[in-house]
Amino acid sequence: MAAIDDATGRLCEAFFIPYECSFGYLKLLKSIVNTYGIPASIYQDRHSTLHRNDDNWTLEEQLKGEQEPTQVGGALKSLEITPIFALTPQAKGRVERLFGVLQDRLIAEMGLRNITGIEEANMFLTGHFIADYNRRFPVRPETAQPAWRKASRSVDIERIISFRYQAVVGNDNTVRLGGMVIDIPEGPYKRGYAKAKVEVRQVLDGSWRVYYKDRLIAHTDPTPLKEPIRAKPRRKAKARAASEEQWIYMASAA
(Lines give C-alpha, C1' and ligand atoms only; values in the text may rest on other atoms or scores of the structure.)
Protein backbone atom coordinates (compact mmCIF):
# COMPACT_ATOMS: atom_id res chain seq x y z
CA MET A 1 0.00 0.00 0.00
CA ALA A 2 1.39 3.45 -0.86
CA ALA A 3 0.41 7.09 -1.18
CA ILE A 4 2.19 9.88 -3.04
CA ASP A 5 1.72 13.65 -3.01
CA ASP A 6 0.63 14.58 -6.50
CA ALA A 7 2.12 18.08 -6.30
CA THR A 8 5.66 17.08 -5.31
CA GLY A 9 6.01 13.36 -5.95
CA ARG A 10 6.85 12.86 -2.29
CA LEU A 11 6.26 9.32 -0.99
CA CYS A 12 3.92 10.02 1.92
CA GLU A 13 3.56 6.47 3.20
CA ALA A 14 4.16 2.88 2.15
CA PHE A 15 3.84 -0.48 3.84
CA PHE A 16 3.30 -4.13 3.02
CA ILE A 17 0.06 -5.88 3.95
CA PRO A 18 -1.13 -9.41 3.08
CA TYR A 19 -3.92 -8.23 0.76
CA GLU A 20 -5.74 -5.10 -0.39
CA CYS A 21 -8.51 -4.35 2.10
CA SER A 22 -10.43 -1.64 3.96
CA PHE A 23 -8.08 -1.85 6.94
CA GLY A 24 -5.07 -1.17 4.72
CA TYR A 25 -6.65 1.93 3.17
CA LEU A 26 -7.85 3.24 6.54
CA LYS A 27 -4.39 2.69 8.03
CA LEU A 28 -2.85 4.54 5.08
CA LEU A 29 -5.32 7.42 5.43
CA LYS A 30 -4.75 7.70 9.18
CA SER A 31 -0.97 7.83 8.74
CA ILE A 32 -1.28 10.57 6.11
CA VAL A 33 -3.64 12.69 8.21
CA ASN A 34 -1.52 12.35 11.35
CA THR A 35 1.73 13.14 9.52
CA TYR A 36 0.76 15.79 6.98
CA GLY A 37 -2.82 16.86 7.64
CA ILE A 38 -6.04 16.43 5.70
CA PRO A 39 -5.53 16.41 1.91
CA ALA A 40 -7.83 18.34 -0.40
CA SER A 41 -8.54 15.26 -2.52
CA ILE A 42 -7.50 11.66 -3.00
CA TYR A 43 -7.14 10.06 -6.42
CA GLN A 44 -7.99 6.38 -6.32
CA ASP A 45 -9.37 3.47 -8.32
CA ARG A 46 -12.72 1.72 -8.15
CA HIS A 47 -11.72 -1.13 -5.86
CA SER A 48 -14.71 -2.38 -3.88
CA THR A 49 -13.22 -1.12 -0.60
CA LEU A 50 -13.23 2.40 -2.05
CA HIS A 51 -16.25 2.51 -4.36
CA ARG A 52 -19.71 0.96 -4.19
CA ASN A 53 -19.75 -1.21 -7.31
CA ASP A 54 -23.00 -3.04 -6.53
CA ASP A 55 -26.51 -2.25 -7.78
CA ASN A 56 -28.26 -3.07 -4.51
CA TRP A 57 -30.13 -0.21 -2.90
CA THR A 58 -31.80 -0.35 0.49
CA LEU A 59 -35.11 1.42 0.92
CA GLU A 60 -33.34 4.08 2.99
CA GLU A 61 -30.79 4.63 0.21
CA GLN A 62 -33.55 4.95 -2.37
CA LEU A 63 -35.28 7.59 -0.27
CA LYS A 64 -32.01 9.51 0.13
CA GLY A 65 -31.18 9.16 -3.56
CA GLU A 66 -27.65 7.89 -2.91
CA GLN A 67 -25.91 4.74 -1.70
CA GLU A 68 -24.11 4.67 1.60
CA PRO A 69 -20.34 4.91 1.02
CA THR A 70 -17.86 2.17 1.79
CA GLN A 71 -16.01 2.23 5.11
CA VAL A 72 -13.15 4.13 3.48
CA GLY A 73 -15.53 6.40 1.60
CA GLY A 74 -17.32 7.26 4.82
CA ALA A 75 -14.04 8.34 6.43
CA LEU A 76 -13.21 10.54 3.43
CA LYS A 77 -16.67 12.11 3.56
CA SER A 78 -16.37 12.85 7.29
CA LEU A 79 -12.99 14.52 6.73
CA GLU A 80 -14.37 16.47 3.74
CA ILE A 81 -11.80 14.94 1.40
CA THR A 82 -12.89 14.92 -2.24
CA PRO A 83 -12.54 11.44 -3.77
CA ILE A 84 -11.57 11.30 -7.45
CA PHE A 85 -11.99 7.94 -9.19
CA ALA A 86 -9.83 6.73 -12.07
CA LEU A 87 -11.27 4.43 -14.70
CA THR A 88 -7.88 3.16 -15.87
CA PRO A 89 -4.45 2.63 -14.23
CA GLN A 90 -2.98 5.15 -16.68
CA ALA A 91 -5.27 7.86 -15.31
CA LYS A 92 -3.58 7.62 -11.92
CA GLY A 93 -0.29 8.84 -13.37
CA ARG A 94 2.25 9.48 -10.65
CA VAL A 95 1.15 6.76 -8.25
CA GLU A 96 1.37 4.15 -11.01
CA ARG A 97 4.91 5.31 -11.81
CA LEU A 98 5.65 5.11 -8.08
CA PHE A 99 4.61 1.47 -8.03
CA GLY A 100 6.86 0.88 -11.02
CA VAL A 101 9.79 2.22 -8.99
CA LEU A 102 8.81 0.22 -5.91
CA GLN A 103 8.45 -3.01 -7.86
CA ASP A 104 11.89 -2.47 -9.36
CA ARG A 105 14.14 -0.58 -6.94
CA LEU A 106 12.50 -1.59 -3.63
CA ILE A 107 12.32 -5.29 -4.44
CA ALA A 108 15.93 -5.28 -5.66
CA GLU A 109 17.19 -3.58 -2.49
CA MET A 110 15.22 -6.00 -0.31
CA GLY A 111 16.74 -8.90 -2.24
CA LEU A 112 20.25 -7.62 -1.59
CA ARG A 113 19.43 -7.57 2.13
CA ASN A 114 17.71 -10.99 2.10
CA ILE A 115 14.44 -9.46 3.31
CA THR A 116 11.59 -11.88 2.69
CA GLY A 117 9.01 -11.27 5.46
CA ILE A 118 6.40 -8.50 5.85
CA GLU A 119 7.65 -7.36 9.25
CA GLU A 120 11.24 -7.04 8.04
CA ALA A 121 10.10 -5.33 4.86
CA ASN A 122 8.07 -2.73 6.74
CA MET A 123 10.98 -2.01 9.05
CA PHE A 124 13.19 -1.45 5.98
CA LEU A 125 10.58 0.84 4.41
CA THR A 126 10.16 3.06 7.47
CA GLY A 127 13.76 2.90 8.59
CA HIS A 128 15.50 3.56 5.28
CA PHE A 129 13.73 3.35 1.95
CA ILE A 130 11.05 6.08 2.24
CA ALA A 131 13.53 8.69 3.49
CA ASP A 132 16.03 7.72 0.77
CA TYR A 133 13.32 7.90 -1.91
CA ASN A 134 12.24 11.35 -0.73
CA ARG A 135 15.82 12.64 -0.87
CA ARG A 136 16.10 11.66 -4.51
CA PHE A 137 12.84 12.03 -6.38
CA PRO A 138 10.45 14.78 -5.16
CA VAL A 139 10.21 18.07 -7.05
CA ARG A 140 9.10 21.56 -6.08
CA PRO A 141 5.36 22.13 -6.48
CA GLU A 142 4.11 24.73 -8.94
CA THR A 143 2.27 26.44 -6.07
CA ALA A 144 4.03 26.77 -2.73
CA GLN A 145 0.78 27.14 -0.76
CA PRO A 146 0.04 23.73 0.83
CA ALA A 147 -3.32 22.13 0.13
CA TRP A 148 -3.18 20.15 3.37
CA ARG A 149 -5.57 21.20 6.15
CA LYS A 150 -4.54 20.81 9.76
CA ALA A 151 -6.97 18.62 11.64
CA SER A 152 -8.78 20.51 14.38
CA ARG A 153 -8.30 19.33 17.94
CA SER A 154 -12.04 18.71 18.07
CA VAL A 155 -11.77 16.14 15.26
CA ASP A 156 -11.58 12.61 16.68
CA ILE A 157 -9.33 10.95 14.09
CA GLU A 158 -9.48 7.59 15.90
CA ARG A 159 -13.26 7.56 15.60
CA ILE A 160 -13.53 8.90 12.05
CA ILE A 161 -10.90 6.63 10.51
CA SER A 162 -12.37 3.37 11.74
CA PHE A 163 -15.03 0.78 10.88
CA ARG A 164 -18.50 2.16 11.50
CA TYR A 165 -21.81 0.35 12.06
CA GLN A 166 -25.33 1.36 13.04
CA ALA A 167 -27.12 -0.71 15.68
CA VAL A 168 -30.06 -0.71 18.06
CA VAL A 169 -29.55 -1.46 21.75
CA GLY A 170 -31.39 -4.56 22.93
CA ASN A 171 -33.70 -4.86 25.92
CA ASP A 172 -30.79 -6.33 27.90
CA ASN A 173 -28.80 -3.10 27.35
CA THR A 174 -26.34 -4.74 24.96
CA VAL A 175 -25.40 -4.26 21.34
CA ARG A 176 -25.10 -7.40 19.22
CA LEU A 177 -23.13 -7.11 16.04
CA GLY A 178 -21.96 -10.08 13.95
CA GLY A 179 -21.61 -12.35 16.97
CA MET A 180 -20.02 -9.57 19.05
CA VAL A 181 -21.87 -8.63 22.25
CA ILE A 182 -21.07 -5.28 23.85
CA ASP A 183 -22.46 -4.55 27.31
CA ILE A 184 -23.45 -0.95 27.86
CA PRO A 185 -23.07 0.42 31.40
CA GLU A 186 -25.94 2.35 32.92
CA GLY A 187 -26.05 5.99 31.98
CA PRO A 188 -26.68 9.01 34.21
CA TYR A 189 -29.37 8.40 36.85
CA LYS A 190 -29.14 4.64 36.14
CA ARG A 191 -30.47 5.20 32.67
CA GLY A 192 -30.68 2.28 30.24
CA TYR A 193 -30.38 2.55 26.45
CA ALA A 194 -32.83 -0.16 25.30
CA LYS A 195 -34.16 0.52 21.77
CA ALA A 196 -31.76 3.45 21.30
CA LYS A 197 -30.06 3.81 17.92
CA VAL A 198 -26.30 3.93 18.40
CA GLU A 199 -23.14 4.16 16.33
CA VAL A 200 -20.65 1.35 16.83
CA ARG A 201 -17.02 1.85 15.87
CA GLN A 202 -14.16 -0.61 15.70
CA VAL A 203 -11.00 1.50 15.71
CA LEU A 204 -7.86 0.32 13.99
CA ASP A 205 -6.31 -1.20 17.13
CA GLY A 206 -9.27 -3.62 17.17
CA SER A 207 -11.11 -2.15 20.17
CA TRP A 208 -14.81 -1.26 20.01
CA ARG A 209 -16.64 1.93 20.95
CA VAL A 210 -20.36 2.67 21.18
CA TYR A 211 -21.64 6.23 20.75
CA TYR A 212 -25.07 7.60 21.57
CA LYS A 213 -25.70 11.11 20.23
CA ASP A 214 -21.92 11.59 19.87
CA ARG A 215 -21.31 10.58 23.49
CA LEU A 216 -19.13 7.54 24.19
CA ILE A 217 -21.23 5.16 26.31
CA ALA A 218 -19.27 1.88 26.04
CA HIS A 219 -15.95 0.44 24.91
CA THR A 220 -14.29 -2.98 24.81
CA ASP A 221 -10.89 -4.61 24.53
CA PRO A 222 -9.52 -5.32 21.02
CA THR A 223 -10.78 -8.19 18.90
CA PRO A 224 -9.39 -9.31 15.50
CA LEU A 225 -10.17 -6.94 12.64
CA LYS A 226 -12.25 -8.43 9.84
CA GLU A 227 -13.20 -7.07 6.46
CA PRO A 228 -16.75 -5.72 6.83
CA ILE A 229 -19.53 -7.51 4.98
CA ARG A 230 -22.24 -5.25 3.64
CA ALA A 231 -25.67 -6.32 4.77
CA LYS A 232 -28.06 -7.33 2.00
CA PRO A 233 -30.85 -4.82 1.39
CA ARG A 234 -34.32 -5.66 2.61
CA ARG A 235 -35.66 -5.01 -0.82
CA LYS A 236 -33.83 -5.04 -4.13
CA ALA A 237 -34.38 -2.22 -6.53
CA LYS A 238 -33.69 -1.91 -10.22
CA ALA A 239 -30.14 -0.92 -11.01
CA ARG A 240 -29.72 2.82 -10.94
CA ALA A 241 -27.76 4.64 -13.62
CA ALA A 242 -24.18 5.19 -12.57
CA SER A 243 -23.51 8.58 -11.03
CA GLU A 244 -21.33 10.99 -12.94
CA GLU A 245 -19.08 11.03 -9.90
CA GLN A 246 -16.52 8.25 -9.86
CA TRP A 247 -14.39 7.06 -6.99
CA ILE A 248 -10.65 6.44 -7.38
CA TYR A 249 -7.53 5.15 -5.55
CA MET A 250 -4.20 6.10 -3.88
CA ALA A 251 -3.25 9.14 -3.38
CA SER A 252 -2.59 12.83 -3.91
CA ALA A 253 -2.98 15.98 -1.88
CA ALA A 254 -2.22 19.31 -3.54
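Scroll up for the structure.
Residues numbered from 1 in each chain as written. Predicted model: local features only at pLDDT ≥ 70, side-chain atom pairs only at ≥ 80, totals over all residues. Heavy atoms only, no water.

(A) Structural context of the overall build of the protein. Helix and strand counts for the protein stand at six helices and ten strands. Residues counted as buried form 44% of the 254 residues belonging to the protein. The long-range fraction of contacts in the protein, counting pairs at least 24 apart against all pairs at least 6 apart in sequence, stands at 69%. Approximately 15200 Å² of the protein is accessible, and the part contributed by carbon and sulfur atoms is 51%. (Helix = DSSP H or I, 4+ residues; strand = E, 2+ residues; numbered from the N terminus. Buried < 20%, exposed > 50% of the residue type's maximum accessible area, 1.4 Å probe, protein only. Contact = heavy atoms within 4.5 Å. Areas by Shrake-Rupley, 256 points an atom, 1.4 Å probe, with all protein chains shown as cover.)

(B) Representation of the nonpolar core within the structure. One finds L29, L79, I161, V175, V198, V200 and V210 to be the most contacted residues of the largest nonpolar core, which totals 41 residues. Per-element accounting of this core gives the leading share, six residues, to helix 1 (residues 22-35). Not counting the four nearest positions on each side in its chain, V175 is found in contact with A167, V169, M180, V181, I182, I184, V198, V200 and V210. The next biggest cluster of nonpolar side chains, apart from the first, holds 17 residues, and it includes V95, L102, A121 and F124. (Core = buried A, V, L, I, M, F, W, Y, C linked by side-chain atoms within 4.5 Å.)

(C) Expanded view of the packing of helix 4 (residues 94-112) against helix 5 (residues 118-136). Orientation of helix 4 relative to helix 5, taken along the N-to-C sense of each, is 120°, at an axis distance of 12 Å. What the angle tells us is that helix 4 and helix 5 run oblique. When the axes of helix 4 and helix 5 are compared, the crossing they make is right-handed. On helix 5, the residues that touch L98, V101, L102, R105, L106, E109 and M110 of helix 4 are A121, F124, L125, H128, F129, Y133 and R136. (Axes fitted to C-alpha atoms, helices over the stretch in contact; angles between N-to-C directions. Parallel < 35°, antiparallel > 145°, perpendicular 65-115°, else oblique. Left-handed = near helix turned anticlockwise from the far one by under 90°.)

(D) Highlighting the packing of aromatic side chains. Within this structure, the stated rule accounts for six aromatic pairs. Following the ring pairs from residue to residue traces out a cluster consisting of F124, F129, Y133 and F137. When the ring centre of F15 is taken as reference, the NZ or CZ atom of K27 above it lies at 4.4 Å. The side chain of R159 reaches across the aromatic face of Y211, ending 3.8 Å from its centre. (Phe/Tyr/Trp six-rings, centres within 6.5 Å; stacked < 30°, edge-to-face > 60°. Lys NZ or Arg CZ within 6 Å of the ring centre and 35° of its normal.)

(E) Inspection of the pattern of salt bridges at higher detail. Per the stated rule, a full pass over the model turns up 13 salt bridges. A salt bridge links E158 to K30; the shortest N-O distance between them is 2.8 Å. Taken together, the residues E158 in helix 6 (residues 157-160) and K30 in helix 1 connect sequence positions 128 residues apart. Of the charged contacts, one joins R135 and D132 as a salt bridge, the two residues approaching to 3.4 Å between their closest N and O atoms. (Salt bridge = Lys/Arg side-chain N within 4 Å of Asp/Glu carboxyl O.)

(F) Here's a closer look at the environment of Y133. Of note, Y133 is situated in helix 5. Remark: the alpha-carbon pair of Y133 and V101, spanning 32 residues in sequence, is separated by 9.7 Å. In this view, Y133 contacts I4, G9, L11, L98, V101 and P138; residues no more than four positions away in its chain are not counted.

(G) Quick peek at unusual backbone geometry. Despite not being glycine, K213 shows a phi value in the positive range, around 50°. For K213, the position within the fold is in the loop between strand 9 (208-212) and strand 10 (215-219). Judged by its relative accessible area of 70%, K213 falls in the exposed class. The backbone phi angle of D214 is positive, close to 65°, even though this residue is not glycine. Tracing the backbone through its elements, the reader meets D214 in the loop between strand 9 and strand 10.

(H) Molecular detail of the environment of F129. Mapped onto the fold, F129 is located in helix 5. F129 sits 27 residues away from L102 along the chain, and the two C-alpha atoms are 9.8 Å apart. Leaving out residues up to four positions away in the same chain, F129 has contacts with L102, R105, L106, E109 and F124.

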